[in-house]
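Commentary on secondary and tertiary structure
What follows is the residue order along each chain.
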Protein chains: 2
Amino acid sequence: MGKCEQCIIKQFNAMKSLTKDELIRISGCKTSRIIKKGEVIFEEGENINGVYCIKDGICKLSKLSENGKDQIVKMVVKGQLLGQRSLITEEVSNLQAVALNDMEVCFIPRVEIMADLQNNLKFSFDVLKVMARDLRESDDIIVNMAQKTVRKRLADVLIYLHSNFGENTDGTLSILLSREDYANIVGTATESAIRIISQLKKENLISTKGKYIKIEDLAGLKRVE
Amino acid sequence: MGKCEQCIIKQFNAMKSLTKDELIRISGCKTSRIIKKGEVIFEEGENINGVYCIKDGICKLSKLSENGKDQIVKMVVKGQLLGQRSLITEEVSNLQAVALNDMEVCFIPRVEIMADLQNNLKFSFDVLKVMARDLRESDDIIVNMAQKTVRKRLADVLIYLHSNFGENTDGTLSILLSREDYANIVGTATESAIRIISQLKKENLISTKGKYIKIEDLAGLKRVE
DNA sequence: AAGGAAATATGACCAATATCATGAACACGC
DNA sequence: GCGTGTTCATGATATTGGTCATATTTCCTT
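Structure report, in brief.

Calculation rules
- Residues numbered from 1 in each chain as written.
- Chains lettered and ligands numbered in written order.
- Predicted model: local features only at pLDDT ≥ 70, side-chain atom pairs only at ≥ 80, totals over all residues.
- Heavy atoms only, no water.
- Near = heavy atom within 4 Å.
- Polar contact = N/O pair within 3.5 Å; in protein donor to acceptor, adjacent residues only side chain to side chain.
- Helix = DSSP H or I, 4+ residues; strand = E, 2+ residues; numbered from the N terminus.
- Nonpolar A, V, L, I, M, F, W, Y, C, P; charged D, E, K, R; others polar.
- Expected span 1.5 Å × (residues − 1).
- Buried < 20%, exposed > 50% of the residue type's maximum accessible area, 1.4 Å probe, protein only.
- Core = buried A, V, L, I, M, F, W, Y, C linked by side-chain atoms within 4.5 Å.
- Contact = heavy atoms within 4.5 Å.
- Pairing = 2+ DSSP bridges.
- Buried area = accessible area lost by both parts, 1.4 Å probe.
- Salt bridge = Lys/Arg side-chain N within 4 Å of Asp/Glu carboxyl O.
- Axes fitted to C-alpha atoms, helices over the stretch in contact; angles between N-to-C directions.
- Parallel < 35°, antiparallel > 145°, perpendicular 65-115°, else oblique.
- Left-handed = near helix turned anticlockwise from the far one by under 90°.

For the rest of this paragraph, the subject is the protein's contact with DNA strand C. The local shell around DNA strand C holds 16 residues, among which V150, T188 and S192 of chain A together with R179 and S198 of chain B are the closest. Those atoms of DNA strand C that come within 4 Å of the protein belong to sugar or phosphate at a rate of 58%. Between DNA strand C and K69 of chain A there is a distance of 3.4 Å, counted from a phosphate oxygen to a side-chain nitrogen or oxygen. Take V150 of chain A: an N or O atom from its main chain is 2.6 Å from a phosphate oxygen of DNA strand C. Those elements that provide at least two residues to the surface near DNA strand C are α7 (190-202) of chain A together with α7 (190-202) of chain B. The biggest single contributor to the surface near DNA strand C is α7 of chain B, with 5 residues. The residue makeup of the surface near DNA strand C, split by class, is 3 nonpolar, 5 polar and 8 charged.

Structure below.
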């Protein structure tokens, strides 16, 4: 099992602010785990009891709505921490986490992370920064949900996925989502998402290869209203 | 001007975790201010340069959408701090703040609050807790925006205002919002908000006295789908 | 108290999106 | 390779909500 103090992944999250001693301590109590695509990492209402540091892969965080639909509220990727909020509010998770591809994660038990949060000011301030940025992002999502059409939101998601997760060698988006996932991100019916994807295809803004989507005209996609 | 170390408002926010010395220092550099109803506290894109501690009153935080509509993302009330996020991300504000009634606030300059955030662990952890809870709330708002009808969202807002801000002696909601504000909270056209309010009135779930709204049948309002 | 501006209210119509139905393509176990 | 379930696709139709037009009421100014 890798050692935290030598792990390069921590560069991308607040754990870079931990001291060498703290990292060695964490290293001794963490557990590594492989999570397969589609596997549930934790459920809504579950006591997470710690934090996941994502060494590789991507997962979706979603919340079940009263109408039975899952709303995806965030994607958490390689380099980020998963589960901080519930840790800090000391409540069960309000979200479900599901792996979107095969993942490699380290799990750090609650008590260990809490000890550092309450002793290492630089660390807790770093987490604070991440949260403040998340809140800003949430504001934007709320505004988009409230004010933009489904078509515009879907175009935005494609652009977002492209700029954040990049493309495969054939130019398709490297992150593979089902049409239902797309619907659950923009908050619409699966049929509507499919319909709009077909439409964007007809307008030559994107193309599809099976489930894979390729952006053909990024500038055009940005112009979608 | 009041002294922070004796101010009871701090009980309701993270400032309760500051030491007496820190409070005395803050007290010496803070400025008190009365803000009239409708007045802008800060604009989107403005450098806030500090934090407001709300001694009395309520304000709305909104963001201008590309379609020209203002989306209200949060209400901040007596006892809470305003402007923490921008302070922490060290960016200009992403939101506009406008007073919904006459307010009394204390403004604490950035450097002073930052000093405490970076020296007092209990204080920064308390702010962290508030933010984690805000994030949780944001998740709920995103899900509601994405999955619920305007009618349901508006009913929810009325219930929220009732349970959070209470009622006047005549039973009307103590917080007075324009129909446009209601529209900007639920993310709809003003006409739609007006229409739905009229409809709820016809169904005897609420009644109105001028701009004031009174909840007549809370249980019924909760049943709205 | 009068006049005018702003907020509230309502109707008519249209566009966006949901829902239901059905079929085609694909994926997987045997 | 063959069913069989799942995902993708598309049509028909219903519903929701947005936009524009126009009253009506409220509120503010003078």
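Picking up after the structure, the text goes on.
All names here are of chain A. Taking 1.5 Å per residue as the helical rise, helix α5 (residues 150-165) with its 16 residues ought to reach 22 Å, and the 22 Å between its terminal C-alpha atoms agrees with that figure. Those residues of α5 lying buried are K152, R153, L154, A155, V157, L158, I159, L161, H162 and F165. The first or second residue beyond α5 is G166, which carries a positive phi of 75 degrees.

Judged by nonpolar contacts, the single largest core of 47 residues is most densely connected at M15 and L117 of chain A together with M15 and L117 of chain B. Those residues within four positions of M15 of chain A in sequence are excluded, and the remaining contacts are K10, L23, I26, C53, L81, I108 and F123 of chain A. Residues C59, V73, A97 and M103 of chain B belong to the second largest nonpolar core, which totals 42 residues.

Let's shift gears to the pairing of strand β3 (residues 50-56) of chain A. Residues and elements named next belong to chain A. Of all 7 residues in β3, 5 are buried; the element is thus mostly enclosed. When β3 meets strand β8 (residues 103-109), the two strands line up antiparallel, connected through 6 bridges. The residue of β8 that forms the bridge with C53 is C106. As judged from the 2 bridges shared by β3 and strand β6 (residues 81-82), these two strands associate in the antiparallel manner. Paired with C53 across the two strands is L81, which belongs to β6.

On to the interface of chain A and chain B. One frequently used descriptor of interface size is the decrease in accessible area upon assembly of the parts. Facing the 46 residues of chain A at the interface are 46 residues of chain B. Taking both partners together, chain A and chain B bury about 4,300 Å²; carbon and sulfur atoms supply 63% of that area. Broken down residue by residue, the surface that chain A buries against chain B is led by L135, R136 and Q147 of chain A, which jointly contribute 17%. Our count for the contact surface shared by chain A and chain B stands at 8 salt bridges. Counting the contacts that link chain A with chain B gives 17 residue pairs in polar contact (both at pLDDT 80 or more). For the side of chain A that touches chain B, the secondary structure elements donating two or more residues are β5 (70-77), α2 (84-89), α3 (110-117) and α4 (121-147) of chain A. Across the side of chain A that touches chain B, the residue classes break down as 18 nonpolar, 14 polar and 14 charged.

It is worth spelling out the packing of α5 of chain A against helix α6 (residues 179-186) of chain A at this point. Residues and elements named next belong to chain A. Closest axis-to-axis distance for the α5/α6 pair is 10 Å, and the angle between their directions is 110 degrees. In terms of axis orientation, α5 runs roughly perpendicular to α6. Here the hand of the crossing between α5 and α6 comes out right-handed. When α5 is examined against α6, the residues V150, R153, L154, V157, L158 and L161 are found in contact with a partner set consisting of Y182, I185 and V186. Classifying every residue of the contact of α5 with α6 gives 8 nonpolar, no polar and 1 charged.

It is worth spelling out the environment of G83 of chain A at this point. Residues and elements named next belong to chain A. Assignment of secondary structure puts G83 in the loop between β6 and α2. G83 sits 85 residues away from N168 along the chain, and the two C-alpha atoms are 29 Å apart. What G83 contacts, discounting residues up to four positions off in sequence, is I48, G50 and V51.

Attention now moves to the environment of E46 of chain A. All names here are of chain A. With respect to the element layout, E46 can be found in the loop between β2 (40-42) and β3. Classification of E46 by relative accessible area gives partly exposed; the value is 33%. Filtering out sequence-adjacent residues up to four positions away, E46 remains in contact with I41, V92 and S93. At 2.9 Å, the side chain of E46 forms a polar contact with the backbone nitrogen of E43.

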